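Structure at a glance
As a plain string of letters, each chain reads:
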Amino acid sequence: MNVYAIPIVNGVLPRPDGGVLQGVFLDPFFANILKSAGVGNDILLFPLSADDQRAYPVGVLARIEDLWMDKISQDGGAMALFARVIGRERSKAKSFSLSNEGLIALDLERIDIHELRSSGYPVICGAGWHPSGGYTTFGSNRKDVEITIYGFDLETGKDVAIVGYLGKELEAEKAHTVEHAIIRSLKNYSMCTPKTLRVCMERETEELKWSVEFGIAKKLPEVFGVTRSGICGNPMTQMASYYLSEEFKNQIESGENLLDSLTTARKKTVSRLTNEMDISSRKGIRELQGLKKGMFHDDTPEEMKILRRVITKFPANPWD
């Protein structure tokens, strides 16, 4: 089956089992695709990964319920095409074709998330909800790891979450990396598979190491823990924020101007952190120590069989 297709940059897809979403389409090319498809017909909505800058071919086949033109803002201005769609099923396109008519998804096949999980290929579905954060907890001996990913239902706005009880499957540091990678994968691909999880773990740790290296080298503690997926909650990041505010206040009270106070506060914050956490000042070493000691992340690659087992510890989606 071939259908019209539209990439979704922010990864927002309707639930495949009847979820309803409404949105505005400002780009005339994609607005014309919707018009060409027409009310009552199907269209494939699929993620356009911010990391890869390319299409991820697994999306949601949705039926166009309504199309209408309306003003973008209440105080007038330009008109735009609005659409309301209802999700029907998860689908994968074998390839895409671009023509004068628009973007076409070719040889569409149905994907059943639960069947994939039952057949030994675990998947977490990100359609119908948006992951906004997470946290990792563990027992007193740093075992019995539990990961929570929380967010909200795109249709109702209600809070939702998925929880994975990993037991002793991973060490706490590796679990923290997995937590961030799951969020990143769901945001990029509206799905988390063993393959996307491993890729996102690598990207997340590289960006965290860069944040440490850049933050220390440039005396900018506010960049510690900042990646494309958000801000990592860890001791180093939290202490950096607290120390920076404290040092800035002290400099202002001592009579320094705003700019000089901020510069001095940044330098003192980086010095305090590296001394207290015993992080080296040597390039190359400091980024690894900052990642492991300061942020509790482990950057060693994980075996695919372990990542498969990790994903099975989570439900397929927040509603299961």
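The structure we're discussing is the one just above.
My aim in this report is to walk through the structure given alongside it, one point at a time. None of these values were measured; they are calculated from a predicted model. (Residues numbered from 1 in each chain as written. Predicted model: local features only at pLDDT ≥ 70, side-chain atom pairs only at ≥ 80, totals over all residues. Heavy atoms only, no water.)

Turning our attention to the sheet that holds strand E12 (residues 145–153). Within a beta sheet, neighbouring strands are joined by backbone hydrogen bonds and run either parallel or antiparallel to one another. Ordered by their spatial adjacency, 3 strands build an open sheet running E11-E12-E13, and the pairing between neighbours is antiparallel. Each of the sheet's edge strands pairs with one partner strand only, and the pair in question is strand E11 (129–137) and strand E13 (159–167). Averaged over all neighbouring strand pairs, the angle between strand axes comes to 20 degrees, with direction disregarded. As defined by bridge partners, E11 adjoins E12 across 8 bridges and the pair is classed as antiparallel. Note that in E12 the partner of Gly133 across the bridge is Tyr150. Helix H3 (residues 172–189) rests against E11 and E12 of the sheet, and its axis sits at about 180 degrees to E11. (Pairing = 2+ DSSP bridges. Helix = DSSP H or I, 4+ residues; strand = E, 2+ residues; numbered from the N terminus. Axes fitted to C-alpha atoms, helices over the stretch in contact; angles between N-to-C directions. Contact = heavy atoms within 4.5 Å.)

Another point: H3. Taking 1.5 Å as the rise per residue, H3 with 18 residues should run 26 Å; its terminal C-alpha atoms sit 25 Å apart, in good agreement. Burial of H3 is extensive: 16 of the 18 residues sit out of reach of the surface. Note on H3: the residue one or two positions beyond its end, Ser190, has a positive phi of about 55 degrees. (Expected span 1.5 Å × (residues − 1). Buried < 20%, exposed > 50% of the residue type's maximum accessible area, 1.4 Å probe, protein only.)

This part covers the pattern of salt bridges. Under the defined criterion, the tally for this structure stands at 25 salt bridges. Among the ionic pairs, Arg15 bridges to Asp17, the shortest N-O distance being 3.0 Å. Look at Arg15 and you get partly exposed, because its relative accessible area is 23%. By relative accessible area, which is 55% here, Asp17 ends up exposed. For Asp278, the salt bridge is made with Lys293, and the minimal N-O distance between the two is 3.6 Å. Of the two residues, Asp278 is situated in the loop between helix H6 (258–276) and helix H7 (285–294) and Lys293 in helix H7; the sequence distance between them amounts to 15 residues. Overall, the relative accessible area of 37% leaves Lys293 in the partly exposed class. Shared partners join several salt bridges into a network, and the residues in it are Asp51, Asp52, Arg184, Arg203, Glu204, Glu207 and Arg228. (Salt bridge = Lys/Arg side-chain N within 4 Å of Asp/Glu carboxyl O.)

Shape descriptors only; they carry no functional weight alone.
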